[in-house]
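Chain residues, written in single-letter form:
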Amino acid sequence: QVQLVESGGGLVQAGGSLRLSCAASGRTFSSYAMGWFRQAPGKEREFVAGITWSGGRTYYADSVKGRFTISRDNAKNTVYLQMNSLKPEDTAVYYCAADRNPAWIRIARDSFAYWGQGTQVTVSS
(Lines give C-alpha, C1' and ligand atoms only; values in the text may rest on other atoms or scores of the structure.)
Protein backbone atom coordinates (compact mmCIF):
# COMPACT_ATOMS: atom_id res chain seq x y z
CA GLN A 1 0.00 0.00 0.00
CA VAL A 2 1.06 3.59 -0.66
CA GLN A 3 0.25 6.62 1.47
CA LEU A 4 0.21 9.95 -0.34
CA VAL A 5 0.34 13.41 1.21
CA GLU A 6 -0.02 16.57 -0.88
CA SER A 7 1.29 20.00 0.07
CA GLY A 8 1.96 23.37 -1.50
CA GLY A 9 -1.54 24.61 -2.16
CA GLY A 10 -2.67 28.10 -1.31
CA LEU A 11 -4.08 31.40 -2.54
CA VAL A 12 -2.43 33.07 -5.51
CA GLN A 13 -3.34 35.85 -7.92
CA ALA A 14 -4.08 35.13 -11.55
CA GLY A 15 -0.86 34.85 -13.52
CA GLY A 16 1.04 33.56 -10.51
CA SER A 17 2.68 30.22 -9.81
CA LEU A 18 2.51 27.42 -7.28
CA ARG A 19 4.36 24.13 -6.92
CA LEU A 20 2.49 21.20 -5.44
CA SER A 21 4.31 18.26 -3.89
CA CYS A 22 3.09 14.78 -3.15
CA ALA A 23 5.17 12.68 -0.78
CA ALA A 24 4.72 8.92 -0.89
CA SER A 25 5.43 6.34 1.75
CA GLY A 26 4.93 2.63 1.86
CA ARG A 27 5.76 0.33 -1.02
CA THR A 28 8.30 1.21 -3.69
CA PHE A 29 7.39 4.57 -5.19
CA SER A 30 9.03 3.80 -8.52
CA SER A 31 6.61 0.91 -9.01
CA TYR A 32 3.84 3.38 -9.79
CA ALA A 33 2.90 5.81 -12.46
CA MET A 34 1.61 8.98 -10.82
CA GLY A 35 -1.10 11.43 -11.66
CA TRP A 36 -2.55 14.72 -10.54
CA PHE A 37 -6.29 15.32 -10.57
CA ARG A 38 -8.41 18.26 -9.49
CA GLN A 39 -11.97 18.82 -8.39
CA ALA A 40 -13.73 22.16 -8.43
CA PRO A 41 -16.93 22.76 -6.45
CA GLY A 42 -19.90 21.14 -8.13
CA LYS A 43 -17.74 19.42 -10.74
CA GLU A 44 -16.36 15.94 -11.21
CA ARG A 45 -12.76 15.13 -10.41
CA GLU A 46 -10.72 15.51 -13.59
CA PHE A 47 -7.32 14.39 -14.79
CA VAL A 48 -4.66 17.09 -14.92
CA ALA A 49 -1.30 15.43 -15.58
CA GLY A 50 0.41 12.04 -15.44
CA ILE A 51 3.95 10.66 -15.41
CA THR A 52 5.39 7.18 -15.85
CA TRP A 53 7.51 5.45 -13.24
CA SER A 54 10.80 6.69 -14.68
CA GLY A 55 9.60 10.16 -15.54
CA GLY A 56 10.33 9.43 -19.15
CA ARG A 57 6.84 10.18 -20.36
CA THR A 58 4.30 12.76 -19.31
CA TYR A 59 0.81 13.66 -20.43
CA TYR A 60 -1.38 16.70 -19.77
CA ALA A 61 -4.98 17.72 -20.05
CA ASP A 62 -5.47 20.27 -22.81
CA SER A 63 -6.59 22.85 -20.27
CA VAL A 64 -3.17 22.92 -18.56
CA LYS A 65 -0.81 22.04 -21.41
CA GLY A 66 2.01 24.56 -21.66
CA ARG A 67 1.33 25.97 -18.19
CA PHE A 68 1.74 22.99 -15.84
CA THR A 69 4.68 20.59 -15.53
CA ILE A 70 4.66 17.26 -13.74
CA SER A 71 7.91 15.73 -12.52
CA ARG A 72 9.09 13.17 -10.00
CA ASP A 73 12.11 12.41 -7.86
CA ASN A 74 12.15 8.69 -7.08
CA ALA A 75 15.01 9.13 -4.62
CA LYS A 76 12.76 11.41 -2.57
CA ASN A 77 9.54 9.47 -3.20
CA THR A 78 7.93 12.68 -4.38
CA VAL A 79 5.97 13.86 -7.39
CA TYR A 80 5.56 17.54 -8.20
CA LEU A 81 3.19 19.74 -10.16
CA GLN A 82 4.61 23.10 -11.17
CA MET A 83 1.74 25.41 -12.06
CA ASN A 84 2.47 28.65 -13.92
CA SER A 85 0.24 31.31 -15.45
CA LEU A 86 -2.55 30.30 -13.12
CA LYS A 87 -6.13 31.23 -13.99
CA PRO A 88 -9.22 31.53 -11.78
CA GLU A 89 -10.60 28.42 -13.48
CA ASP A 90 -7.67 26.44 -12.03
CA THR A 91 -9.24 26.86 -8.59
CA ALA A 92 -9.87 23.39 -7.18
CA VAL A 93 -8.76 20.78 -4.70
CA TYR A 94 -5.77 19.02 -6.22
CA TYR A 95 -5.14 15.34 -5.58
CA CYS A 96 -2.21 13.10 -6.39
CA ALA A 97 -2.79 9.46 -7.15
CA ALA A 98 -0.77 6.30 -7.77
CA ASP A 99 -1.40 3.82 -10.59
CA ARG A 100 -0.11 0.25 -10.17
CA ASN A 101 0.66 0.15 -13.89
CA PRO A 102 4.04 1.96 -13.94
CA ALA A 103 4.70 2.19 -17.66
CA TRP A 104 1.48 3.75 -18.91
CA ILE A 105 -0.27 7.02 -18.29
CA ARG A 106 -3.95 6.41 -17.74
CA ILE A 107 -6.43 9.20 -17.18
CA ALA A 108 -9.46 7.42 -15.78
CA ARG A 109 -10.00 7.89 -12.05
CA ASP A 110 -10.61 4.21 -11.42
CA SER A 111 -7.20 3.35 -12.87
CA PHE A 112 -5.58 4.81 -9.78
CA ALA A 113 -5.42 2.66 -6.66
CA TYR A 114 -4.20 5.18 -4.10
CA TRP A 115 -5.11 8.79 -3.45
CA GLY A 116 -3.96 11.63 -1.25
CA GLN A 117 -6.24 13.80 0.83
CA GLY A 118 -5.98 16.80 -1.48
CA THR A 119 -4.68 20.35 -1.25
CA GLN A 120 -6.68 23.50 -2.02
CA VAL A 121 -5.55 25.84 -4.78
CA THR A 122 -7.39 29.14 -5.08
CA VAL A 123 -6.63 31.60 -7.88
CA SER A 124 -8.04 35.08 -7.48
CA SER A 125 -8.82 37.34 -10.42
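Right, let's walk through the structure included here. If you're wondering where the values come from, they're calculated on a predicted model, not measured in any experiment.

On to the environment of Arg45. For Arg45, the position within the fold is in the loop between strand E4 (33–39) and strand E5 (46–51). Since its relative accessible area comes to 23%, Arg45 is described here as partly exposed. If near-sequence neighbours (up to four positions away) are discounted, Arg45 is found in contact with Phe37, Arg38, Gln39, Tyr95, Arg109 and Trp115. A distance of 3.3 Å separates the side chain of Arg45 from the side chain of Gln39, its partner in a polar contact.

Across the sheet, which stays open at both edges, the four strands sit in the order E1-E3-E8-E7 with antiparallel pairing between neighbours. Either end of the sheet is taken by a strand with one partner, and the two such strands are strand E1 (2–7) and strand E7 (68–73). Neighbour-to-neighbour, the strand axes of this sheet turn through a mean angle of 15°, independent of strand direction. One ladder, built from six bridges, connects E1 with strand E3 (residues 18–26); its direction is antiparallel. Within E3, the residue paired with Val2 across the bridge is Gly26.

So, how was this worked out
- Position numbers for residues start from 1 in each chain and track the written sequence from start to end.
- Residues qualify for local features only when their pLDDT is at least 70, as the model is predicted, and side-chain atom pairs are given and counted only at 80 or more; totals for whole chains, interfaces and linings, by contrast, use all residues.
- By convention in this description, side-chain values take in all heavy atoms of the structure and omit both hydrogens and water.
- The helix count covers DSSP runs of H or I at least four residues long, the strand count covers runs of E at least two residues long, and both are numbered beginning at the N terminus.
- To sort residues, take the accessible area from a 1.4 Å probe on protein chains only and compare it with the maximum for the residue type: under 20% means buried, over 50% means exposed, and anything in between is partly exposed.
- Any two residues having at least one pair of non-hydrogen atoms within 4.5 Å are treated as being in contact.
- Here a polar contact is recorded for every N or O atom pair within 3.5 Å, except that within protein the pair must consist of a potential hydrogen donor and a potential acceptor, and residues adjacent in sequence are included only if both atoms are side-chain atoms.
- When DSSP locates at least two bridges between a pair of strands, those strands are taken to pair.
- Orientation is described by axes fitted as lines to C-alpha atoms, over the contacting stretch for helices, and by angles from 0 to 180 degrees between their N-to-C directions.

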